[in-house]
Amino acid sequence: MTLIFRKPLPNVEHPEMPADVVIVGGGPAGMACALRLSQLIDEHNARHPEAQLSKENIYVLEKAREAGQHCLSGALLDPRSMKELLPGFEREAPLDAAVHKEGVYFLTRTGHYKLPITPPALRDHGNYVISINKFVKWLASKVEEAGITIFTGFAGSELLYDGNRVTGVRTDDKGVDKLNEQKSNFEPGYDVKAKVVVLAEGPRGSLTKQLIQKFDLMKDRNPQTYGVGVKELWEVPAGRIQAGEVIYTMGYPLTTKEYGGAWIYGSKGGGSKDGNSRDGASKENIVSLGFVTGLDYQDPRLDPQHVLQTFKQHPFVAKLLAGGKMIRYGAKSLPYGGWWSLPPLAGDGWMVIGDSAGFLNSARLKGIHLAIKSGMLAAETAFEALTKDDSAAATLAQFQKRVESSWLKDELWPVRNFHQGFKNGLVAGIFNTGLQTIFNGGPAKRLPSHAGQENLKPLASLPADGGKEASLLGPAKGDGKLTFDKLTDLYHSGTKHEEDQPAHLVIDDTNICNERCVKEFGSPCQNFCPANVYEMLDDSAAPNGKRISLNPSNCVHCKTCDIEDPYQIITWVPPEGGGGPNYDGM
Ligand SMILES: Cc1cc2nc3c(=O)[nH]c(=O)nc-3n(C[C@H](O)[C@H](O)[C@H](O)COP(=O)(O)OP(=O)(O)OC[C@H]3O[C@@H](n4cnc5c(N)ncnc54)[C@H](O)[C@@H]3O)c2cc1C
Ligand code: SF4
């Protein structure tokens, strides 16, 4: 069966909608940007009754049906930027627990060793355990109270240009069938024509990718590198872990060749919106646990969902979870590259913030506070553009300057070489981290890096039995209690899409999948996708007896395929707005 991919429909008129500012993506970065802009407009209007600015034409576009539904994180919140955005926010924000205990462990196959000193980057006293889903929902309520419109269920699908100037965003066409043709309920997307477009799409944003390619923005930068975090929420018997207790692990089940580690946070709340479990009872004994695997591993058979299942079988973790129940599942990528992988942050008509730019401190596994701060600084710049009625590159370039003179840079600069320091494995990485801590990120100003998928080795060069990595490879079987196969896990992500729509995983050339990849790399898409979207089906007519098939409805929007495919022929584009995972309580 021929695969039909989502692509712009010909001869469709898109109604225009004028806007001052359009923010694409309603995660922490986008919401903070909207809220700060609203505050600045309120302050301006109070000072200048004669020259009022309106918020009517400021919009946030969010592809999820409800704000926060596609947001997945650990999550520990460093409150620094929230204290600036909404002083006293702690009184009303949904914070599950203040961190009161932390520990970093090195795991061997069966043993665990607590580091005598918690590395400074992982000291979390003063931070809060949160559900990013609940937190973003709450931020969205603040944005709406402030009078800014959030369009949920609307994805930004294309950037609009006038020459080299970004002039707006086209939203997704709705009611397109599997053959990429209009259905009877077809509704064309809007052309939201904006003075300023702020891209806040999270990691590997699809519009951000278009922009980066069009203007070759990563020229002279380190390529962005990524990890993928696979997460489960568990309800465990009382007394196993306290809300506010934080555990990080390194080592097992990864070998010294892979980069990554796990988190275990004691939390409250559960799988439902209000922090109560589905049976209505308030829960104190929720565990957020997950494993982040660097997307720069070598063996194309490695499966990040399998890594999490193997991790859970370690006695240290199995004991914590025994008798408990897995209640939610999800996965999402995160950018690791740090300071040297940031693209230029602004140009003619546009700015890029949060994970879309790469504002994440990978030494701390934290990006929420940086996403918020970058959104606030972009808002200050957008406000300046509105008051001057000038959103050309020179005005928006002030965003870059604001970032460089803020604590964002102070935090990211000392860890600018952190991830690069692990390129020769864990031991070298720990040594380099020590050096960087002593020398403020040095001795080198900038260590180079390369795109993670370039590390993938051809199958022929790897041991057939998987060697030391065997327990990380291929599909996990699952016992249904402690460990789960992918489809069982996926069921707990709540992901749902309109079935009758073209595939939103756009493969440039499926011949490469069927003729080359299956032989050279053994079709790693089947392994790295945490949602079983990619399958190689038996087909005697295919050159190697297998052909690629897709289950796009399973997709949890983690973007791993767009990042990790060895031939870089997969492009994730937004499906019809509203479809995707349901990360309530995650
Ligand atoms: C597994 C994992 C664990 C983490 N743990 C922590 C932690 O403990 N502490 C911490 O501080 N950070 C943590 N992070 C990082 C943190 O979650 C991110 O840095 C932060 O969420 C980035 O915010 P953002 O708004 O830039 O992007 P996101 O949170 O990704 O939000 C982007 C939003 O944009 C929407 N969107 C995307 N594309 C479009 C489009 N084209 N049109 C419309 N809407 C769109 C998405 O649906 C989403 O709602 C973790 C990340 C992961 C993946
Ligand atoms: S298809 Fe791609 S974006 Fe969707 S879940 Fe799989 S790897 Fe993630």
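Residues numbered from 1 in each chain as written. Chains lettered and ligands numbered in written order. Predicted model: local features only at pLDDT ≥ 70, side-chain atom pairs only at ≥ 80, totals over all residues. Heavy atoms only, no water.

**Q** Would you take a moment to explain the packing of helix H1 (residues 28–47) against helix H3 (residues 132–145) for this structure?
**A** Angle between the axes and distance between the axes are the two parameters that describe a pair of packed helices. Where H1 contacts H3, the two axes come as close as 9 Å, and the packing angle between them is 20°. One finds that H1 runs roughly parallel with respect to H3. For the crossing formed where H1 meets H3, the hand is left-handed. Contacts from Pro28, Met31, Ala34 and Leu35 of H1 reach H3 at Ile132, Val136, Leu139, Ala140, Lys142 and Val143. Broken down by class, the residue content of the contact of H1 with H3 amounts to 9 nonpolar, no polar and 1 charged. (Axes fitted to C-alpha atoms, helices over the stretch in contact; angles between N-to-C directions. Helix = DSSP H or I, 4+ residues; strand = E, 2+ residues; numbered from the N terminus. Parallel < 35°, antiparallel > 145°, perpendicular 65-115°, else oblique. Left-handed = near helix turned anticlockwise from the far one by under 90°. Contact = heavy atoms within 4.5 Å. Nonpolar A, V, L, I, M, F, W, Y, C, P; charged D, E, K, R; others polar.)

**Q** Sorry, what's going on with the site of ligand 2 here?
**A** If you check the shell around ligand 2, you find 13 residues, and the closest are Cys529, Cys555, Cys558, Lys559 and Cys561. Classifying every residue of the shell around ligand 2 gives 11 nonpolar, 1 polar and 1 charged. (Near = heavy atom within 4 Å.)

**Q** Help me understand the confidence of the model for the protein chain, please; the structure alone is not making it clear to me.
**A** For residues with low pLDDT, the predicted coordinates do not support detailed interpretation. Looking at the protein chain as a whole, the pLDDT averages 94, with 97% of positions reaching at least 70. This model gives residues 270–281 a pLDDT under 50, and the stretch forms 27 contacts once residues within four places in sequence are excluded. (pLDDT = per-residue confidence, 0-100.)

**Q** Honestly, the packing of aromatic side chains in this entry has me stumped. Any pointers?
**A** What describes a pair of aromatic rings is the distance from one ring centre to the other and the angle between the planes of the rings. One pass over the full model with this rule turns up 16 aromatic pairs. Summarising the aromatic geometry, the rings of tryptophan 234 and phenylalanine 484 are spaced 6.1 Å apart at their centres and angled 45° between planes, so their arrangement reads as tilted. Here phenylalanine 484 lies in the loop between helix H12 (426–438) and helix H13 (486–491) and tryptophan 234 lies in strand E14 (residues 226–235), a separation of 250 residues in the sequence. Classification of tryptophan 234 by relative accessible area gives buried; the value is 1%. When its relative accessible area of 6% is taken as the criterion, phenylalanine 484 is described as buried. With a centroid separation of 5.4 Å and an interplanar angle of 70°, the aromatic rings of phenylalanine 291 and phenylalanine 311 are classed as edge-to-face. With phenylalanine 291 in strand E17 (residues 286–294) and phenylalanine 311 in helix H5 (residues 304–312), this residue pair connects regions lying 20 residues apart in the sequence. Members of the aromatic cluster, joined through ring pairs, are Tyr59, Phe151, Phe154 and Tyr190. If you follow lysine 174 out to its NZ or CZ, it ends over the ring of phenylalanine 154, 4.5 Å from the centre. (Phe/Tyr/Trp six-rings, centres within 6.5 Å; stacked < 30°, edge-to-face > 60°. Buried < 20%, exposed > 50% of the residue type's maximum accessible area, 1.4 Å probe, protein only. Lys NZ or Arg CZ within 6 Å of the ring centre and 35° of its normal.)

**Q** What's the story with empty space enclosed by the protein in this structure? I'm lost.
**A** It is the rolling of a water-molecule-sized probe over the atoms that shows where space remains empty. For the structure on display, the rule yields 7 cavities of 30 Å³ or more. Approximately 780 Å³ is the volume found for the largest cavity. Forming the walls of the largest cavity are 45 residues, and the residues nearest its centre are Leu72, Gly202, Pro203, Lys332 and Asp355. Put simply, the parts of the chain that give the lining of the largest cavity at least two residues each are H1, strand E2 (58–62), strand E16 (260–267), strand E18 (325–335), helix H7 (354–357) and helix H8 (368–388). Elements with a minimum of two residues in the lining of the second largest cavity: helix H14 (510–520) and helix H15 (525–528). (1 Å grid on protein atoms, 1.4 Å probe; cavity = no way out; pocket = protein on both sides within 12 Å on 5 of 7 lines; lining within 4 Å. Points joined across faces, edges and corners; volume = space filled by probe spheres on them.)

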